[in-house]
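The residues making up each chain are set out below.
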Number of protein chains: 2
Amino acid sequence: MKLKIAVLPGDGIGPEVTEQAIKALNAIALEFNHQFSFKQADVGAIAIDKTGAPLPDVTLELCKSSDAILFGAIGDPKYDNAEGDVRPEQGLLKLRKELGLFANIRPVKAFEALLDFSPLKRHLIKGVDISIYRELTGGVYFGKKETAEDGSYASDLCEYSTSEIERISHLAFKAAMERRKKVTLIDKANVLDTSRLWRKTVTELAKSYPEVTLDFLYVDNAAMQMILNPKQFDVILTENMFGDIISDEASVIGGSIGLLPSASIGAKHALFEPIHGSYPQATGKGIANPIAAILSAAMLMEHFGLFEEAEMIKGAVEKSLKLGITTPDLGVRHERMTTSKVGDFIADFISNPS
Amino acid sequence: MKLKIAVLPGDGIGPEVTEQAIKALNAIALEFNHQFSFKQADVGAIAIDKTGAPLPDVTLELCKSSDAILFGAIGDPKYDNAEGDVRPEQGLLKLRKELGLFANIRPVKAFEALLDFSPLKRHLIKGVDISIYRELTGGVYFGKKETAEDGSYASDLCEYSTSEIERISHLAFKAAMERRKKVTLIDKANVLDTSRLWRKTVTELAKSYPEVTLDFLYVDNAAMQMILNPKQFDVILTENMFGDIISDEASVIGGSIGLLPSASIGAKHALFEPIHGSYPQATGKGIANPIAAILSAAMLMEHFGLFEEAEMIKGAVEKSLKLGITTPDLGVRHERMTTSKVGDFIADFISNPS
Ligand SMILES: [Mg+2]
Ligand SMILES: [Mg+2]
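Residues numbered from 1 in each chain as written. Chains lettered and ligands numbered in written order. Predicted model: local features only at pLDDT ≥ 70, side-chain atom pairs only at ≥ 80, totals over all residues. Heavy atoms only, no water.

## Section: the overall build of chain A
Here comes step 1: When helices and strands are counted, chain A shows twelve helices and twelve strands.
Here comes step 2: Relative to the 2.2 N^0.38 estimate, which gives 20 Å for 354 residues, the radius of gyration of chain A is 20 Å and therefore close to what a compact globule would have.
Here comes step 3: When its C-alpha atoms are laid out on the principal axes, chain A stretches across 55 × 50 × 40 Å.
Here comes step 4: Looking at chain A as a whole, 59% of its 354 residues qualify as buried.
Here comes step 5: Taking contacts inside chain A between residues at least 6 apart in sequence as the whole, the part at least 24 apart equals 75%.
Here comes step 6: About 14,100 Å² of surface is accessible on chain A, with carbon and sulfur atoms providing 51% of the total. (Helix = DSSP H or I, 4+ residues; strand = E, 2+ residues; numbered from the N terminus. Rg over C-alpha atoms; globule rule 2.2 N^0.38 Å. Buried < 20%, exposed > 50% of the residue type's maximum accessible area, 1.4 Å probe, protein only. Contact = heavy atoms within 4.5 Å. Areas by Shrake-Rupley, 256 points an atom, 1.4 Å probe, with all protein chains shown as cover.)

Okay, structure coming up:
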């Protein structure tokens, strides 16, 4: 397969972890005879420094003309008190909007080698394997906002249409078909009209996927269940804000945020990025964990139906964890491994699994 | 002190756990020479059975003319598919509204004797002592709701006024003054206008409490921090929906929902209830844990400034836990203790601490 991949390393540790993801993809290309071409562009603080804009036109054009985007991380403390459009984070928000990335997908997995890193007890997380589908462009984060002139009142409107609900729901149900065939819709249908619309729309749509079991959970109960029994979940489907809260909560049960990849999918475009941020304090020290970025590359493979390739990347990651060939955030068992060395090991293992 | 206490035992295990709370309060009255009078009324399914209404007028009148309300639990499976106003839960919602109970207060504490019951690792929860102040009558749960006639669109409006924010914030800051002098406001001020109003209003109000440190946390980050490091929290202050999610999440870290009391406070009225439900399957079996109800009675004492009395109740509860004089949900160390026996022990210990 030929894939044009836009690489947006961004700020902080973004470039060094993205580099490891590219190593893995190059090893895959060689192994499976694919042609992956990589073109790089700036986004975030580095783009502001160079051009004044967090998402320069040339970057957006590259993304639009590519098959997929490999994204690093953005954010720099020097822009923390900057206003409006000159904040690095605006680069990603604008990119999501311009490319219509309406679904955010986050796998949460407890790696066998890392069970003891979790804040939760081992028996609760052993075997956890969740895929969270969060609606990304609707709901209260994007609804009409008002603040009274005298500052005594404010409001935010949460809105959803059936078409917004359907397009992400189809993705979630299709994913469930490839997994354990269970979808849990998280909502607050006992209180909210938008939640009732979600429940009605998803219930109707579920009829097209008769093999998939559909469950419902109120968001407050879901926040408990994610701690009490995370193994009950297969695919989670939810609206934007509930997804923000529940996916962040879920992100800590695996024990390290440095392991978690994500995908943001639209009708025509797809972006893959680690969920961790730019972690400026770690920049250039070789201590950034590249696994989230590398697993994001595996999600990229899955997106194009390259499941064997994805499995090979994931297998190499698991091998590195098992052997303790990991960055210091996961404890050092054998020796001190740098970001680059971990990336080299994973790429080498893809080329020569032994 | 003279206190007229309305007792609303409600459904399921409500009556049996409430009975134990009254035992404890009677022991306190005797010990401290208070006059507590108890008058009972129906609410929930039992009220529907008798009168057709989940909150009969006579119950509401009793509550209005009392100093405080001791509430059990409501809900009965036979009304699960009932519509509208005949659902037992409406009894509590109506009561909150009629009495203007705008603040829900939930303490979350890790009891030394029960550290191993938590889904979280012991070192994370040892010493946890949080008090959550959740706004209860505003926000998106009570804002305007719309569903398009053709069913293709729905919306919910989240609204807040500064006065709604201020009245609960004063309660939270006053509580912090009696505790470790830290308030954490949970919001989503990077996205929502209502959150920015909360942040601005609370920041301004905090100037009246110079000894209290005010922290801010986005709700998605808070959902992580509640698992990663719950000990960082003293008083949590937040709006209605975030409070619903975060307080339910927090409720599981202590290891048992059967231990957690709550208070709902208004300008003139106050209601105290365990956070657990009516648990119909356990009704009449003597297995319901009365501690949440008994600790709700301790919150009632605190509400009237009877701190020594509250401490005595809490001390007796801790003693029962330490000795393993607990209902089966907490494991049985010495012998099988019933709801009533646990209540007797706690009341006796108040009378004769040994
Ligand atoms: Mg988030
Ligand atoms: Mg709740």
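## Observations concerning the sheet that holds strand 3 (residues 68-73) of chain A
Residues and elements named next belong to chain A.
Here comes step 1: Pairing within the open sheet is mixed, and its ten strands lie in the order 2-1-3-12-11-4-5-10-8-9. A strand with exactly one partner marks an edge of an open sheet, and here the two such strands are strand 2 (35-40) and strand 9 (213-218). Shown here is a sheet whose adjacent strand axes are inclined to one another by a mean of 25°, direction ignored.
Here comes step 2: Note that strand 5 (residues 129-135) and strand 10 (residues 235-238) share four bridges and pair parallel. Bridge pairing links Ser131 to Val235 in strand 10.
Here comes step 3: On top of the sheet, helix 10 (residues 291-303) reaches strand 1 (2-10), strand 2, strand 3, strand 4 (101-109), strand 11 (261-266) and strand 12 (270-274); it is set at about 155° to strand 12, its chief contact. (Pairing = 2+ DSSP bridges. Axes fitted to C-alpha atoms, helices over the stretch in contact; angles between N-to-C directions.)

## Digging into the interface of chain A and chain B
Here comes step 1: Taken together, the contacts link 47 residues of chain A with 47 residues of chain B.
Here comes step 2: Summed over both sides, the interface between chain A and chain B buries roughly 4,000 Å², with carbon and sulfur atoms accounting for 65% of that surface.
Here comes step 3: Here chain A is connected to chain B by two salt bridges.
Here comes step 4: Lys188 of chain B serves as the salt-bridge partner of Asp244 of chain A, at 2.8 Å between the closest nitrogen and oxygen.
Here comes step 5: For the side of chain A that touches chain B, the elements supplying multiple residues, two or more each, are strand 6 (145-147), strand 7 (153-161), helix 7 (193-206), helix 8 (219-228) and helix 9 (240-251) of chain A.
Here comes step 6: It is strand 7 of chain A that provides the largest number of residues to the side of chain A that touches chain B, a total of nine residues.
Here comes step 7: In the sheet, strand 7 of chain A pairs with strand 7 (residues 153-161) of chain B via nine bridges, with the strands oriented antiparallel. In the strand pairing of strand 7 of chain B, Cys158 of chain A is matched with Asp156 of chain B. (Buried area = accessible area lost by both parts, 1.4 Å probe. Salt bridge = Lys/Arg side-chain N within 4 Å of Asp/Glu carboxyl O.)

## Side note on the relation of the copies chain A and chain B
Here comes step 1: Overlay of chain A on chain B (RMSD 0.1 Å): rotation 180°, translation along the axis 0.0 Å. One copy is carried onto the other by what is essentially a two-fold rotation axis.
Here comes step 2: A shared interface surface links the copies, since 100% of the contact residues of chain A are contact residues in chain B too. (Least-squares fit on C-alpha atoms with pLDDT ≥ 70 in both.)

## Some points on helix 4 (residues 89-99) of chain A
All names here are of chain A.
Here comes step 1: Within helix 4 the residues assigned to the buried category are Gly91, Leu92, Leu95, Arg96 and Leu99. Summarising the axial view, the buried residues of helix 4 lie within an arc of 130°, below the 170-degree limit, and thus occupy one face.
Here comes step 2: If you follow the buried residues of helix 4, they end up packed against strand 1, helix 3 (57-64), strand 3, strand 4 and strand 12.
Here comes step 3: Among the residues trailing helix 4, Gly100 stands out with phi positive, at a value near 60°. (Arc of directions from axis to C-beta.)

## Side note on the domain arrangement of chain A
Residues and elements named next belong to chain A.
Here comes step 1: As far as domains go, chain A holds domain 1 (1-100 + 267-354) and domain 2 (106-143 + 155-256).
Here comes step 2: For domain 1 and domain 2, the distance between their C-alpha centres works out to 24 Å.
Here comes step 3: Contacts between the two partners involve eleven residues from domain 1, matched on the other side by ten residues from domain 2.
Here comes step 4: Around 1,000 Å² of area is buried between domain 1 and domain 2 when both sides are counted, 75% of it from carbon and sulfur atoms.
Here comes step 5: Joining domain 1 to domain 2, the criterion identifies one salt bridge.
Here comes step 6: A salt bridge links Lys109 to Glu318; the shortest N-O distance between them is 3.3 Å. (Domains from an automatic or database assignment.)

## Regarding the pairing of strand 12 (residues 270-274) of chain B
As a general feature of sheets, a regular strand has side chains that alternate between the two faces.
Residue and element names in this part refer to chain B.
Here comes step 1: With five of its five residues buried, strand 12 lies for the most part within the structure.
Here comes step 2: Burial along strand 12 is two-sided: Ala270, Phe272 and Pro274 and Leu271 and Glu273, pointing in opposite directions, are all buried.
Here comes step 3: The pairing of strand 3 (residues 68-73) with strand 12 spans two bridges and is classified as parallel. Opposite Ile69, over in strand 12, you have Leu271 as the bridge partner.
Here comes step 4: Bridge count for strand 11 (residues 261-265) against strand 12 is five bridges, and the pairing is antiparallel.

## Description of the coordination of the magnesium ion (ligand 2)
Here comes step 1: Note on the magnesium ion (ligand 2): its protein donors are Asp220 of chain A (OD), Asp244 of chain B (OD) and Asp248 of chain B (OD). The metal-donor distances range over 2.1 to 2.3 Å. Of this pair, Asp220 of chain A sits in helix 8 while Asp248 of chain B sits in helix 9 (residues 240-251), each in a different chain.
Here comes step 2: A residue is classified by how much of its surface remains accessible, and Asp248 of chain B, at 9% relative accessible area, is buried. (Donors = N, O, S within 2.8 Å, 3.2 Å for Na, K, Ca; no water.)

## Section: the packing of aromatic side chains
Residue and element names in this part refer to chain B.
Here comes step 1: For the structure shown, the criterion picks out six aromatic pairs over all chains.
Here comes step 2: Relative to Phe349, the ring of Phe345 lies with its centre 5.9 Å away and its plane at 20°, an arrangement referred to as stacked. Of this pair, Phe345 and Phe349 both sit in helix 12 (residues 339-351), four residues apart, roughly one helical turn. Neither Phe345 nor Phe349 differs from the other in exposure class; each is buried. (Phe/Tyr/Trp six-rings, centres within 6.5 Å; stacked < 30°, edge-to-face > 60°.)

## Overview of the pattern of salt bridges
Residue and element names in this part refer to chain A.
Here comes step 1: A complete count under the given rule lists 48 salt bridges over all chains for this structure.
Here comes step 2: Two residues, Lys50 and Asp42, come together in a salt bridge whose shortest N-O distance is 2.9 Å.
Here comes step 3: Taking the relative accessible area as the measure of exposure, Lys50 reaches 57% and is therefore exposed.
Here comes step 4: Salt bridges sharing partners connect three or more residues here, namely Asp129, Arg179, Arg180 and Asp234.

## Concerning the environment of Trp198 of chain A
All names here are of chain A.
Here comes step 1: Take Trp198: it is sitting in helix 7.
Here comes step 2: Among the residues examined, Trp198 registers a relative accessible area of 2% and is labelled buried.
Here comes step 3: Distance from Trp198 to Ile165, taken between C-alpha atoms, is 6.5 Å for residues 33 residues apart in sequence.
Here comes step 4: Excluding its chain neighbours within four sequence positions, the residues that come into contact with Trp198 are Glu135, Tyr160, Ile165, Ile168, Ser169, Leu185, Leu237, Thr238 and Glu239.

## Describing the sheet that holds strand 12 of chain B
All names here are of chain B.
Here comes step 1: Read from one edge to the other, the open sheet built from ten strands follows the order 2-1-3-12-11-4-5-10-8-9, with strand pairing classed as mixed. Whereas interior strands pair on both sides, the edge strands pair on one side only; in this sheet they are strand 2 (35-40) and strand 9 (213-218). Within this sheet the neighbouring strands show an average axis-to-axis angle of 25°, counted without direction.
Here comes step 2: By the bridge criterion, four bridges tie strand 8 (residues 182-187) to strand 10 (residues 235-238) in an arrangement that is parallel. Bridging from a neighbouring strand, Leu185 pairs with Leu237 of strand 10.
Here comes step 3: Against the sheet, helix 1 (residues 14-32) touches strand 1 (2-10), strand 2 and strand 3, its axis set at about 145° to strand 3.
Here comes step 4: The sheet contacts of helix 4 (residues 89-99) involve strand 1, strand 3 and strand 12, and relative to strand 12 the element is tilted by about 155°.

## Describing the coordination of the magnesium ion (ligand 1)
Here comes step 1: At this site the magnesium ion (ligand 1) is bound by Asp244 of chain A (OD), Asp248 of chain A (OD) and Asp220 of chain B (OD), with donor distances of 2.1 to 2.3 Å. A residue pair is termed interchain when its members come from two chains, as with Asp244 of chain A in helix 9 and Asp220 of chain B in helix 8 (residues 219-228).

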